[in-house]
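Fold and contact review
One letter stands for each residue in the lines below.
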Amino acid sequence: MSGADVVTGALCMALTGLGLVIAVQKARQRRFLNATRWTAAALFPIGLYLTGLATLGRRVGSAAADWATDLAFGIKAWGGVAILAFAVMLLMITRMIGRKNPEPTGTSASSASSPSSFSSSSADLAALLGGTGADTGAGGNAGAAQPSSRQPKPAAAPRSRRAARGAVDDEFAEIEELLRKRGI
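Since we're looking at a predicted model, the values are computed, not measured.

Thoughts on a negative patch on the surface
Negative charge collects at one region of the surface, where Asp169, Asp170, Glu171 and Glu174 lie side by side. Considering the arrangement of structural elements, one finds Glu171 in helix α7 (residues 161-182).

Given below as structure tokens:
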């Protein structure tokens, strides 16, 4: 048993004792329901200590504090943060490219190594950077049209809230007209 475990046990016993003192005071005031609640709450710290959860919580808290200190002041941790940020950025870029040009589902391994796949990758990169991709082709494919599976899909027409509001506004107009006829 380490010194920290002894301190944790003493703290849990002190909290339990304090809670029981408050429960006795509530019982003397004839607030038995309140005294029972205080008794139940007072038994939690000693129960947590005896099951080992208080010690576990202390260790987790200490480990979290050590991690936060290392993160704030450690060069190695900041290197890890930079690598994680770079990985997230790469995932976001590939997601944007995937939305613009979805990959064909029926490609074989031999077509993946052909020059045309390089030109479509260059076209994806050029499209991401704002170009058309026609001038970045390799192997004389500069003027070749993209396959139909690589063509950008037209954007779906967004549902208009105005159209939905129009139906509601028509209903409200009818209700208003009826109310006017009745003089309300």
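Side note on the packing of helix α2 (residues 32-51) against helix α3 (residues 53-73)
Axes are the key here: two packed helices are described by the angle between their axes and the distance separating the axes. Put simply, α2 and α3 touch, their axes get as near as 4 Å, and they point 80 degrees apart. Viewed along their axes, α2 and α3 adopt a mutual orientation that is roughly perpendicular. Where α2 abuts α3, its residues Leu48, Tyr49 and Thr51 lie against Leu53, Ala54 and Thr55. For the contact of α2 with α3, the per-class residue count stands at four nonpolar, two polar and no charged.

Some points on α2
Between its terminal C-alpha atoms α2 stretches 28 Å, which fits the 28 Å expected from 20 residues at 1.5 Å a residue. The axis of α2 is deflected most strongly, by about 25 degrees, at Phe44, and proline Pro45 appears within four residues downstream. Buried within α2 are the following residues: Ala35, Ala42, Pro45 and Tyr49. On its buried face, α2 is in contact with α1 (3-28) and α3. Positioned one or two residues after α2, Gly52 has a phi angle of 90 degrees, which is positive.

Details of a nonpolar patch on the surface
On the surface, Val168, Phe172, Ile175, Leu179 and Ile184 cluster together into a nonpolar patch covering about 480 Å² of accessible area. Here Ile175 is to be found in helix α7. What makes Ile175 partly exposed here is its relative accessible area of 44%.

Focus on the packing of α1 against α2
Taken N-terminus to C-terminus, the directions of α1 and α2 make an angle of 170 degrees; their axes are 8 Å apart at the nearest point. Relative to α2, α1 is oriented roughly antiparallel. When grouped by side-chain class, the residues that make up the contact of α1 with α2 number 14 nonpolar, six polar and two charged.

Considering the pattern of salt bridges
Applying the stated rule across the entire model yields three salt bridges. Between Glu176 and Arg180 there is a salt bridge; the shortest N-O distance is 3.5 Å. Highlighted residues: Glu176 and Arg180, both in helix α7, separated by four residues, approximately one helical turn. For Glu177, the salt bridge goes to Lys181, with nearest N and O atoms at 3.7 Å. One end of the pair is Glu177 and the other is Lys181, both in helix α7 and four residues apart, which spans about a single turn. Taking relative accessible area as the criterion, Glu177 reaches 44% and is therefore assigned partly exposed.

Here's the deal with the confidence of the model for the protein chain
With 65% of its residues at a pLDDT of 70 or more, the protein chain shows a mean pLDDT of 78. The secondary structure element of the protein chain with the lowest average pLDDT is helix α5 (residues 109-112), at 49, and the one with the highest is α2, at 95. Per-residue pLDDT stays below 50 along residues 133-143; that stretch engages in 12 contacts with residues further than four places along the chain or on separate chains.

A word on unusual backbone geometry
With phi around 65 degrees, Arg30 is a residue other than glycine that occupies positive phi space. In this structure, Arg30 sits in the loop between α1 and α2. On the basis of relative accessibility, which here comes to 67%, the residue Arg30 falls in the exposed class.

Section: the environment of Gly19
Of note, Gly19 is situated in helix α1. Classification of Gly19 as buried rests on a relative accessible area of 6%. Residues Gly19 and Arg37 lie 18 residues apart in sequence; the distance between their C-alpha atoms is 9.8 Å. Apart from the residues within four sequence positions on either side, Gly19 is in contact with Trp38 and Ala42.

Cut-offs used in this document
Residue numbering note: each chain is counted from 1, following its sequence as written. Restriction of local features to residues with pLDDT of at least 70 applies here, the model being predicted, together with a cutoff of 80 or more for giving and counting side-chain atom pairs; totals for whole chains, interfaces and linings are based on all residues. Water and hydrogen atoms were dropped before computing side-chain values, which therefore reflect all heavy atoms in the structure. Patch membership needs two things, relative accessible area over 30% and no salt bridge, and members are linked within 9 Å if like-charged or within 5 Å if nonpolar (Val, Leu, Ile, Met, Phe, Trp, Tyr). For the area figures, the Shrake-Rupley method with a 1.4 Å probe applies, and any residue is considered shielded solely by the protein chains shown. A side-chain nitrogen of Lys or Arg and a carboxyl oxygen of Asp or Glu constitute a salt bridge if their distance falls within 4 Å. Counting rule applied: Lys, Arg positive; Asp, Glu negative; His and chain ends not counted. By convention, the point assigned to a charge is CZ for Arg, NZ for Lys, CD for Glu and CG for Asp. Strands are runs of DSSP state E lasting at least 2 residues, helices are runs of H or I lasting at least 4, and numbering of each runs from the N terminus. To get an axis, fit a line to the C-alpha atoms, keeping to the stretch in contact for a helix; angles then go from 0 to 180 degrees between the N-to-C directions. Note on terminology: angles under 35 degrees are roughly parallel, angles over 145 are roughly antiparallel, angles of 65 to 115 are roughly perpendicular, and the others are oblique. Whether two residues are in contact is decided by their heavy atoms, any of which lying within 4.5 Å being enough. Just so you know the grouping, Ala, Val, Leu, Ile, Met, Phe, Trp, Tyr, Cys and Pro go in nonpolar, Asp, Glu, Lys and Arg go in charged, and all remaining residues, Gly too, go in polar. Multiply 1.5 Å by the residue count of a helix minus one, and that product is the helix's expected span. In this analysis the local bend is the angle between axes fitted, respectively, to the seven residues ending at and the seven residues starting at the residue. Here the term buried applies to any residue with accessible area under 20% of the maximum for its type, exposed to any over 50%, and partly exposed to those in between, with areas from a 1.4 Å probe on protein chains only. Per residue, pLDDT measures the predictor's confidence, with a range of 0 to 100.

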